[in-house]
Amino acid sequence: MHQLIERRAFLRAGALGAAGLGAAGLFPAWAQNGTPGLVPDMETLSGADIRLRVGHDMFSVGGRKGHAVTLNGVLPAPLIRLKEGQNVRIHVENALDEDTSIHWHGLLLPFQMDGVPGVSFPGIKPRSTFTYEFPIRQSGTYWYHSHSGHQEQQGHYGPLIIEPAAADPVAYHREHVIVLSDWSFLHPHQLITRLKQEGGYFNRQKQTLLGQLSGASEDRMSAKDRRMWGKMRMDPTDIADVTAATYTYLINGHGPHENWTGLFRPGERVRLRIVNAAAMTIFNVRIPGLRMTVVSADGQNVRPVTVDEFQIGNAETYDVIVQPTEDRAFTFVAESIDRSGMGRATLTPRLGMRAPVPPLRDRPVLTMKDMGMGGMNHGAMDMRGMNMRDKSSVPPNVKVGVGVDAIAMAPVDRTGEPGIGLENVGHKVLTYRDLVSLAPNPDARPPARTVEVHLTGNMERFMWSFDGKKFSEGAEPIRFELNERTRVVLINDSMMTHPIHLHGHFFEVVNGHIGNHPVKHTVMVLPGGKVAFDLTADAPGDWAFHCHLLLHMHAGMFRVVTVRPLPGEAA
Ligand SMILES: [Cu+2]
């Protein structure tokens, strides 16, 4: 390890220095073009007292300028770098004309410091300062973002890295932070209006039924599937609500043409700390020519697993090690799940070198499994008898009204699958089943009870909910007793992948590796799929629980989770 540190000091001193290479502009030091990575003298926010100012700035990408919400004047926000075991006070000044907040995504902290207005604190009023203060009880790659209004979608997000107190089990010579996001020049309210008018508004790649019948996509969908989709009046290419029709996909705040570039020396082990901070985009990540060894998921170490590609949901983080040995450039590709566009960056030994950018691959097409029929025998299925709103397959607490356009009749565990569109890409794609916690799970008790939560929606009307009930309809909190051990089963009745996030806790994704289940704060549930996680409710308070596709959260796919009693309260 000592050698590695010396190596990093050398990098700082020398040949690869970033001075004068990138446009300083709106970018924080860590996100500048041509960066050598996180060298010791790089400007980051660290120590016991940190100051952040939430304000307005213009942000430009692709030659256009738009209005952004920024922290300390930059987009993405500054890198916060902390040390496990320290205490931190973070003073957040609100220079906006509206309330703001910061949520520390994935951090274990007192609930009053979690930063969700209306749930954990009142929010930060205009022209006032709120001081967050909490001990740092963990290490790894995390991030932070606004939980107020639509500020996160407008640029209010940044990375947060915590050094472990003990030796890091992951060895590396160099590290880069890679924050993925999506940028629209339309205000989030305009996005919502369009989606409410027509669920598939931004899905300009629609396959027409006519096109399918003419045989254009014969090879990709059976006649039987085509008949079924037609009958359901649903669209098998509705993979993403908001697409490249309006989004520019950003890597560290840079568009594909700005081509954010990170440096390496051939032979080095390079740690990439990858955060999906996008509002509405799930990404497929790959680096053609380089294999990636996943060493951490959602900030928690996993047994190293080497892959060629992975799908990353909103709010998830992955740390990967790459070891480029050749003296050449590599393209980092973050393709949107619907393949309407991509974020693109370059890893290279020297500035000015670039690698080919692969073309967008064919758009994926949903299957019957994605309609919640994965557990059915297709041969024996009688189409005429199918009713995707058959209430009998859900418990009585699920409200099946206009807000629910489908019920998964036979949902299946899809944690062994790589994600929509990645089933047959010809190389190894990460699945949740590949993730094994490096440390044994701390709580060996079997769950005492099971809580089922249905992920529900009406795609055409852009209505989203848990158990058929929007948060604004007065949905009851999900209650846990302090230190109770529960199995939570998420059942996706819709035909979209939802990344579901629980605040203030880690949970263990039940994937067959008993005792070493991967420990996460956000989990993607595939269409027609179900995911179980075991939870020890060890953090008293009120916590947000929601889909991290931000427009789904705003539409109502949100609940409060309460853990009681609070400290000092009678049980
Ligand atoms: Cu969602």
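Residues numbered from 1 in each chain as written. Predicted model: local features only at pLDDT ≥ 70, side-chain atom pairs only at ≥ 80, totals over all residues. Heavy atoms only, no water.

- As named in an unreviewed UniProt entry, the chain is Copper resistance system multicopper oxidase, taken from Sphingomonas psychrotolerans.

## A word on the overall build of the chain
No. 1: Check the secondary structure of the chain and you find five helices and 31 strands.
No. 2: Here the chain, with 571 residues, has 62% of them falling under the buried criterion.
No. 3: Across the chain, every contact between residues at least 6 apart in sequence was considered, and the portion connecting residues at least 24 apart equals 76%.
No. 4: Looking at the chain as shown, the accessible area adds up to about 21,300 Å², and 52% of this sits on carbon and sulfur atoms. (Helix = DSSP H or I, 4+ residues; strand = E, 2+ residues; numbered from the N terminus. Buried < 20%, exposed > 50% of the residue type's maximum accessible area, 1.4 Å probe, protein only. Contact = heavy atoms within 4.5 Å. Areas by Shrake-Rupley, 256 points an atom, 1.4 Å probe, with all protein chains shown as cover.)

## Topic: the coordination of the copper ion
No. 1: The copper ion binds to the protein through His498 (ND1), Cys547 (SG) and His552 (ND1); the donor distances cover 2.0 to 2.2 Å.
No. 2: All donors to the copper ion come from one chain, and their sequence spacing reads H-x48-C-x4-H. Taken together, the residues His498 in strand E25 (residues 498-502) and His552 in helix H5 (residues 550-555) connect sequence positions 54 residues apart. Both residues of the pair, His498 and His552, belong to the buried class. (Donors = N, O, S within 2.8 Å, 3.2 Å for Na, K, Ca; no water.)

## Quick word on the pairing of strand E23 (residues 478-481)
No. 1: The side-chain alternation of E23 yields one buried face, formed by Ile478 and Phe480, and one unburied face, formed by Arg479 and Glu481.
No. 2: The pairing of E23 with strand E31 (residues 558-564) spans four bridges and is parallel. Bridge pairing in E31 links Glu481 to Arg564. (Pairing = 2+ DSSP bridges.)

## Considerations on the pattern of salt bridges
No. 1: Evaluation of the coordinates by the stated rule reveals 33 salt bridges.
No. 2: One salt bridge in this structure joins Glu163 and Arg81, with 2.8 Å as the shortest N-O distance. Here Glu163 is found in strand E8 (residues 157-163), whereas its partner Arg81 is found in strand E3 (residues 80-83), with 82 residues between them in sequence.
No. 3: In this structure Arg81 comes out as buried when scored by relative accessible area, which is 12%.
No. 4: Between Asp542 and Arg564 there is a salt bridge, and its shortest N-O distance comes to 2.9 Å. Residue Asp542 is located in strand E30 (residues 541-547), and its partner Arg564 is located in strand E31; the two are separated by 22 residues in the primary sequence.
No. 5: In the salt-bridge network here, residues are joined through shared partners; they are Arg81, Glu163, Asp168, Glu175, Arg271, Arg273 and Asp319. (Salt bridge = Lys/Arg side-chain N within 4 Å of Asp/Glu carboxyl O.)

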